[in-house]
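A closer look at the structure
Letter by letter, the chains look like this.
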Amino acid sequence: MNLQTIATKPFSDQKPGTSGLRKSVPDFQKENYLENFIQAIFDSLEDKAGKTLVLGGDGRYYNRTAIQVILKMAAANEIGKVLVGCGGILSTPAASCIIRESDALGGIILSASHNPGGPEGDFGVKFNTSNGGPAPEKVTKAIFERSKAIDEYKILEAADINLDRVGSFKLGTMAVEVIDSVESYGTLMRSLFDFTAIRNLLTSGKFRMCMDSLHAVTGPYARVIFEGQLGAPAGTVQNGEPLEDFGGGHPDPNLVYAHDLVEIMFGDHAPDFGAASDGDGDRNMILGQRFFVTPSDSLAVLTANAKLVPGYKDGLAGVARSMPTSAAVDRVADDLGIDCYETPTGWKFFGNLLDAGKATLCGEESFGTGSNHVREKDGLWAVLFWLNILAVRQESVEDIVRDHWKAYGRNFYSRHDYEEVASAGANQLMDSLRAKLGDLPGQKLGQYEVKYADDFSYTDPVDGSVSEQQGIRIGFTDGSRMVFRLSGTGTKGATLRVYLESYEPDSSKHDEDTQEALSSLITLAEEVAQIREFTGRDEPTVIT
Ligand code: G1P
Ligand code: ZN
């Protein structure tokens, strides 16, 4: 086996976004593109010799090729051992769990999350640090700086490793353990939830659930856990075979893309509970019979009911939500007398709060919920949390959420995405909004009066680091607000996200349709941001 040092030239576009480096597959296939970025990661790691690295991905196109390259580069960069998921498969939360358990120096997760896959689809590389969470900004910045200067990479010339069965191998002096993708994660889930109660519910004959894995990574996990350990009938998990192109679908668990599940859950004889997860298994969508639970409400309901779940029965240290997520959970935290943190978008901002024991549960409006059990959001964890609550309360999903609104009031909430708009126009829109911020407070806009208007800036309460320009917020005196930000995960043009929220304490008004309840705010958002003028769009591409 030959250690090779290959000369290369830097690429200027390897800046990690909200969640790792995400590009199209053809971009990643450019000569040395993947290798440069991986070497930049290794170069920015101190003290890596002899250490353990975790490696796996969501099974999308290019996963296997990239894993073989990374294994050989790890061997050439003096890594001691790599734990790699069988078949190259590790969900993002499972990778986080294994990094923490194995005292690894970190992990490389290959995924573009919910973006479509296939030869023309997207691919991505995320680096997680030893706490199991996404690399914080200072690490991603160091990787980016290194990527701009890189002039060589190291790789071992060796045969490919057989990833298709569990086993131990050697690459030069480096050990490669091909591990079961599900086992450690399943054990962690059993330690948090009451599997006996959930099993009783799922085998009672009175309760049916449907889990849609959207042909992405959670299929094998969901089959083992729901149909195996929890006794749900075969077929409970649909689209459970991970496919390189996700069966041509868009592996994003929302009402638009998880259409098979939505049809079932809103059709005749709908099951009692429906759930879906995304490409890499960190997102979740929760549905009841003909009922959609917004992710913001889901976080609030989990927080309010946490004491019913063994892993959280002793109480929560605090909760955290991303800034654009609705304030539903704030009201629960207030009631429980615990802290509620508001962070910028992206799971990496929760890491310090979880590590410092300041927050136990976290969530984002973008179908992400999680806790201190790992350092990533976790789709199947959220599904199990809901199942545990349902098993204890023996009420329907809809009744639980309606009860919640009665107790805390309802935060009507919606996100409008304008996808693939021209970057120049999107940037102008944000610049022009930013220029208006100073004048807005105190102004009357239609029926609303502006209470505050700013560009969200976050000071991490643990390490004091400051993250600026994290989204423009305009809040009104009646408690409603709108938020504007540009996506940091898209790969084509720009995506404008508009987040809308209003608060309704009166339970006689909780039945209103969300888009109707928010309609005047929606019109106002279009006017204030001049969305038509800057993007040329009359309406959003996706509404969630
Ligand atoms: C999106 C979501 C964000 C999430 C991220 C990764 O990022 O909005 O909440 O953490 O995907 O799943 P965005 O494209 O908005 O930057
Ligand atoms: Zn994801």
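Just so it is clear, the structure is predicted and the values come from calculations on it, not from any experiment.

All right, on to the overall build of the protein then. The helix and strand inventory of the protein stands at 18 helices and 27 strands. Computed over its C-alpha atoms, the radius of gyration of the protein comes to 23 Å, within 12% of the 24 Å expected for a compact globule of 544 residues. Judged by the C-alpha coordinates and their principal axes, the protein covers about 70 × 60 × 40 Å. In the protein, once contacts between residues fewer than 6 apart in sequence are set aside, the share between residues at least 24 apart is 72%. Put simply, the protein shows about 20500 Å² of open surface, and 45% of that area lies on carbon and sulfur atoms. For the protein, the separation between the mean place of its 52 positive charges and that of its 77 negative charges on side chains is 3 Å.

Another point: the packing of aromatic side chains. Here a ring pair, both rings aromatic, is described through the centre-centre distance and the interplanar angle of the planes. Taken as a whole, this structure holds 14 aromatic pairs when the rule is applied. Chaining the aromatic ring pairs together yields one cluster made of Phe11, Phe28, Tyr33, Tyr62 and Phe123. Lying over the aromatic face of Tyr503, Arg331 brings its terminal NZ or CZ to 3.4 Å of the ring centre. Sitting over the ring of Trp405, Arg410 keeps its end group 4.0 Å from the ring centre.

A separate point is the pattern of salt bridges. One pass over the full model with this rule turns up 28 salt bridges. Close ionic contact of Lys30 with Asp27 constitutes a salt bridge, the shortest N to O distance being 2.9 Å. Residue Lys30 is classed as partly exposed on the basis of its relative accessible area, which comes to 37%. Residues Arg223 and Glu241 are paired through a salt bridge, measuring 3.5 Å at the closest nitrogen-oxygen approach. Of this pair, Arg223 sits in helix H8 (residues 218-229) while Glu241 sits in the loop between strand E11 (237-238) and helix H9 (259-265); the two residues are 18 residues apart in sequence, bridging distant segments of the chain. Taken together, the salt bridges that share partners define one network made up of Arg321, Asp330, Glu342, Asp454, Arg473, Arg481 and Glu501.

A separate point is the packing of helix H2 (residues 33-43) against helix H5 (residues 137-147). Between H2 and H5, the least distance of the axes is 8 Å, while the angle of their chain directions is 125°. By the criterion of interaxial angle, the relationship of H2 to H5 is oblique. The two elements H2 and H5 meet at a crossing, and its hand is right-handed. Contact with H2, carried on its side by Phe37, Ala40, Ile41 and Asp43, involves Ile143, Arg146 and Ser147 of H5 and no other residues of that element.

The next point concerns the nonpolar core. Counting 71 residues, the largest nonpolar core has Phe226, Phe273 and Trp381 as its most contacted members. At eleven residues, the largest contribution of residues to this core is made by helix H13 (residues 379-393). Look past the residues within four positions of Phe273 in its chain and what remains in contact with it is Phe207, Arg208, Met209, Cys210, Met265, Ile286, Leu287, Val383, Trp386, Leu387, Leu390 and Val397. Listed in part, the 45 residues of the second largest apolar core include Phe11, Phe37, Leu171 and Val178.

Protein coordination at the zinc ion (ligand 2) comes from Ser113 (OG), Asp278 (OD), Asp280 (OD) and Asp282 (OD), with a distance range of 2.0 to 2.1 Å. Taken together, the four donor atoms coordinating the zinc ion (ligand 2) and their angles of 85 to 163° define a geometry best described as irregular. Between consecutive donors of the zinc ion (ligand 2), the numbers of intervening residues give the motif S-x164-D-x1-D-x1-D. Residue Ser113 is found in the loop between strand E5 (106-110) and strand E6 (122-129), and its partner Asp280 is found in the loop between strand E12 (273-277) and strand E13 (284-288); the two are separated by 167 residues along the sequence. Each member of the pair, Ser113 as well as Asp280, carries the same accessibility label: buried.

Scoring rules and cut-offs
- Residues numbered from 1 in each chain as written.
- Chains lettered and ligands numbered in written order.
- Predicted model: local features only at pLDDT ≥ 70, side-chain atom pairs only at ≥ 80, totals over all residues.
- Heavy atoms only, no water.
- Helix = DSSP H or I, 4+ residues; strand = E, 2+ residues; numbered from the N terminus.
- Rg over C-alpha atoms; globule rule 2.2 N^0.38 Å.
- Contact = heavy atoms within 4.5 Å.
- Areas by Shrake-Rupley, 256 points an atom, 1.4 Å probe, with all protein chains shown as cover.
- Lys, Arg positive; Asp, Glu negative; His and termini not counted.
- Charge placed at Lys NZ, Arg CZ, Asp CG, Glu CD.
- Phe/Tyr/Trp six-rings, centres within 6.5 Å; stacked < 30°, edge-to-face > 60°.
- Lys NZ or Arg CZ within 6 Å of the ring centre and 35° of its normal.
- Salt bridge = Lys/Arg side-chain N within 4 Å of Asp/Glu carboxyl O.
- Buried < 20%, exposed > 50% of the residue type's maximum accessible area, 1.4 Å probe, protein only.
- Axes fitted to C-alpha atoms, helices over the stretch in contact; angles between N-to-C directions.
- Parallel < 35°, antiparallel > 145°, perpendicular 65-115°, else oblique.
- Left-handed = near helix turned anticlockwise from the far one by under 90°.
- Core = buried A, V, L, I, M, F, W, Y, C linked by side-chain atoms within 4.5 Å.
- Donors = N, O, S within 2.8 Å, 3.2 Å for Na, K, Ca; no water.
- Tetrahedral: all angles 85-135°; square planar, octahedral: opposite > 155°, others 65-115°.

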